[in-house]
Structures are given as structure tokens and as C-alpha cells.
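What the coordinates show
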Amino acid sequence: MVAFIVRRVIAAVLMLAVVSMATFAIFFLIPRALGQTPEGMASRYVGRDATPEAIQGAVKRLHLDDPLLVQYGRFAKGIVAGQDYSLGPKKAECPAPCFGFSFNNNQPVWPTLLDRLPATLSLAVGAAALWLVAGVSIGVISALKRGTLLDRAAMTVALAGVSLPIYFTGLVSLAVFAYTLGIFPGGGSYTPITVNPVMWFQALVLPWISLAFLYAALYARLTRAGMLETMGEDYIRTARAKGLKERTVVTRHALRATLTPILTIFGLDLGLLLGGAVLTESTFSIQGIGKLVIDAIRGNDLPVVLGVTLFAAFFIVLANLIVDILYAVVDPRVRLS
């Protein structure tokens, strides 16, 4: 088991290195290959209304006229060891991990990401726990009650959840439960849990339910399909023939075998949300990472966009690493692969 985890950790580190290269290529190599000048690239760092002098200053500060290999070396070194940025007569320190320096607000990107992370983390983890429990439970019940009215009703609701986008269900929930009935606070009322846990919970109930409604529908359909396939296997009939209780057969044998594809998509979904739930945070005006990247795109703040891209990639790789380890826990045969 230890050797398996070590192999997966090494693979994750190598993947992060590849992701950094791909991110650098998207933001620097491809524009240069398409004929973008250093001045044109610098204009994306200093805002839409920058003067020519500010653009030339950005070219010098960011060394955009250096060879690409030198730029990538400086880029990778900044992530690992940090770097300094020149702001005219003084320098701004960007400690490791340096994901860039925003010249719009004159501060490193990394502290801004950490400041927005608790809101995104609260939204993603709460919704993920809700949709995982609800989706798997509904899927199991539907599989065991196949063909009944309960099964058809659950799959109809699941189909509606998959079909309706988050900005529709989110706005409807705000209109009904926040602005009409006044049961929950409206958008933009997020309060950190360290300030007021009750207000934190109340502000996140609607985003959790709206986000979980979308994902739980997919998990319910996937769980139902997996359970129906597994319940027909020979080892399930053998377990029943040995006199095991039906609850044991369903939970320890059928459901455990069904969890492998569920873990796969759960890791990817949670990693993507931790990198920024863009639509949900924009709909409910939650000042998280997703809302940060939307504001950065509107303000032409490229370092923030670049930092969020690397940040999201890190969470996706981390989520895949955790999923690989959980595979070995759920199915010991994976350790030998």
C-alpha cells in the first residue's frame, strides 16, 4: 500500500510540472506563436486603459522580451522559490508559491486566492457531501425498487436536475425562498464561519441545495445503473445463497463494487469546484475563487486568471491522487495494478 501511494504521489508531482508547462504555453507560447508582440502581451497585465508608458514598463518588469525558455524558467522558479517585481523605484516581493503579481491592485495573486478560498471551500465541500449522500441513496433505492412508481419518480426528478442549469435553479430558489418567502438570506450575504456560524450556514443553504440538485441527479442515475448491473452478478447470488442479510449483500457487496466509477467523477467534480464554482458563486454573489476569476476577466487582470488556472489544476490533480488512494481502499486489486 505504501509503495502504491508513493508511485501515485510521484505521478501527481510530475503531472503538476506538466500542467505548469501547459499553462505557460497557453498564456505565453501560443500568443507569441500567433504573432503577439511583447507590448500586446503586456497590455493584458496592466488593464484596458493603460498608457503606452505603462505598457513598456510592464514589458521590462515582466521580462516579456526575453526568450521563452528563460521566461518559463523564471515562471517555474517563482512558483517554487518566489520572485520580486519592480514597481518603479521600489520592488514588490512575491513569496513562494508565487502565482503572479496583479498590477491592477499591486499585490501578489496567492494571498488573494487564499483570501477567497474559504468561501469556495465552504460551498464545494458542503454541496459535495449533500449531493454524494443524496445521489447515492436515491440511486440505490431506485435500483432496489426497479420499475415501481418510486423508481420512475426519482429518475424523472434526476432527469430534471441534469437538464436544468445552475443559474436557473439558483435564481428560482433565490426568488422563491429568499425574496418572496424570506426564509433564507438573499445573494451576497455570505458570512465567514469564523465570524458567525449561523449566518454562514443560512447563507449557504440555497447554494448547497441548488448545486447538489444538479450533481445528485447525475450520481443517482449512475448509482442506479451500476447497482442494476452488479445485483445480477454471480457473487451476489452466492452471497444470498450463503444466507447473508439483504442489507449486508447490498452495502458490503453490491454498493462497494458500484463505488469505483462514482469515486472517479466525485474526485473530478470536487476538484473542479474547489478551483472555482464560477456559475454558482456568480449567481449567489459569493466572493469566492470563481467570482474572482470572472472579475479578473472583466478587468483584464491576466495574472489573476493565470493564478486561478494553476490553483484549479492543483486541486484537480490532488483530487485525482486522493481518488487513486481510495480506489486501493475500496478495491484491493488496484494496489497490484
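A short tour of the structure in this document, coming up. All figures in this text were calculated on a predicted structure; none of them were measured in a lab.

A rise of 1.5 Å per residue sets the reference length of helix α1 (residues 2-33), with its 32 residues, at 46 Å; its end C-alpha atoms lie 44 Å apart and thus fit the reference within 8%. The set of residues buried in α1 consists of F4, A12, V19, S20, T23, F24, A25, F27, F28 and P31. Two residues or fewer after α1 comes G35, characterised by a positive phi angle close to 95°.

Now for the pattern of salt bridges. Counting across every chain of the model gives five salt bridges. The closest approach of N and O atoms between D66 and R74, which form a salt bridge, is 3.2 Å. Where D151 meets R224, a salt bridge forms, and the shortest distance between an N and an O atom there is 2.9 Å. Highlighted residues: D151 in helix α6 (residues 149-163) and R224 in helix α8 (residues 197-230), separated in sequence by 73 residues.

The next point concerns the nonpolar core. F28, W131 and M227 are the most contacted members of the largest nonpolar core, which has 73 residues in total. With 12 residues, helix α5 (residues 109-144) is the largest single contributor of residues to this core. For W131, the residues in contact, after removing those within four places along its chain, are V136, A212, Y215, A216, Y219, F266, D269 and L273.

The next subject is the packing of aromatic side chains. The tally for this structure, following the rule as stated, stands at 15 aromatic pairs. Where W131 meets Y215, the ring centres are 4.4 Å apart and the plane angle is 20°; that geometry is what we call stacked. Taken together, the residues W131 in helix α5 and Y215 in helix α8 connect sequence positions 84 residues apart. Owing to a relative accessible area of 0%, W131 belongs among the buried residues under this scheme. Of the aromatic side chains, those joined through ring pairs into one cluster are F99, W110, F311, F314 and F315.

Relative to the elements of secondary structure, Q83 occurs in strand β1 (residues 83-87). Residue classification places Q83 among the buried positions, given a relative accessible area of 18%. Beyond its immediate sequence surroundings of up to four residues, Q83 is in contact with R74, G78, A92, E93, C94 and C98.

Turning our eyes to something else, we now look at α5. Spanning 36 residues, α5 covers 50 Å between terminal C-alpha atoms, matching the ideal 52 Å at 1.5 Å per step. The largest bend along α5 reaches roughly 40° and is located at L117, with the proline P118 sitting one to four residues downstream.

With that settled, consider a nonpolar patch on the surface. Together, Y167, F168, V172, V176, F177, L181, I183 and L279 line one region of the surface with nonpolar side chains, adding up to about 740 Å² of accessible area. For the nonpolar patch, the leading source of residues is helix α7 (residues 166-180), giving five residues. Mapped onto the elements of the fold, F177 is located in helix α7. Taking the relative accessible area as the measure of exposure, F177 reaches 35% and is therefore partly exposed.

Along the chain, T223 falls in helix α8. In contact with T223, not counting residues within four places along its chain, are G135, V136, G139, V140, T258 and I262.

Let's shift gears to the environment of I138. Its place among the elements puts I138 in helix α5. Put simply, I138 and D295 are 157 residues apart on the chain and 38 Å apart in space, counted from C-alpha to C-alpha. For I138, the contacting residues outside a window of four places in its chain are A154 and A220.

Turning our eyes to something else, we now look at the packing of α7 against α8. Here α7 crosses α8 at 145°, and the two axes come no closer than 9 Å. For the crossing formed where α7 meets α8, the hand is right-handed. Along the contact surface, α7 presents I166, T169, G170, S173, L174, F177 and A178, while α8 presents L206, S210, L211 and F213. Taken together, the residues of the contact of α7 with α8 break down into seven nonpolar, four polar and no charged.

What counts, and where the lines are drawn
- Residues numbered from 1 in each chain as written.
- Predicted model: local features only at pLDDT ≥ 70, side-chain atom pairs only at ≥ 80, totals over all residues.
- Heavy atoms only, no water.
- Helix = DSSP H or I, 4+ residues; strand = E, 2+ residues; numbered from the N terminus.
- Expected span 1.5 Å × (residues − 1).
- Buried < 20%, exposed > 50% of the residue type's maximum accessible area, 1.4 Å probe, protein only.
- Salt bridge = Lys/Arg side-chain N within 4 Å of Asp/Glu carboxyl O.
- Core = buried A, V, L, I, M, F, W, Y, C linked by side-chain atoms within 4.5 Å.
- Contact = heavy atoms within 4.5 Å.
- Phe/Tyr/Trp six-rings, centres within 6.5 Å; stacked < 30°, edge-to-face > 60°.
- Bend = angle between axes of the 7 residues up to and from the residue.
- Patch = residues over 30% accessible without salt bridge, like charges linked within 9 Å, V, L, I, M, F, W, Y side chains within 5 Å.
- Areas by Shrake-Rupley, 256 points an atom, 1.4 Å probe, with all protein chains shown as cover.
- Axes fitted to C-alpha atoms, helices over the stretch in contact; angles between N-to-C directions.
- Left-handed = near helix turned anticlockwise from the far one by under 90°.
- Nonpolar A, V, L, I, M, F, W, Y, C, P; charged D, E, K, R; others polar.

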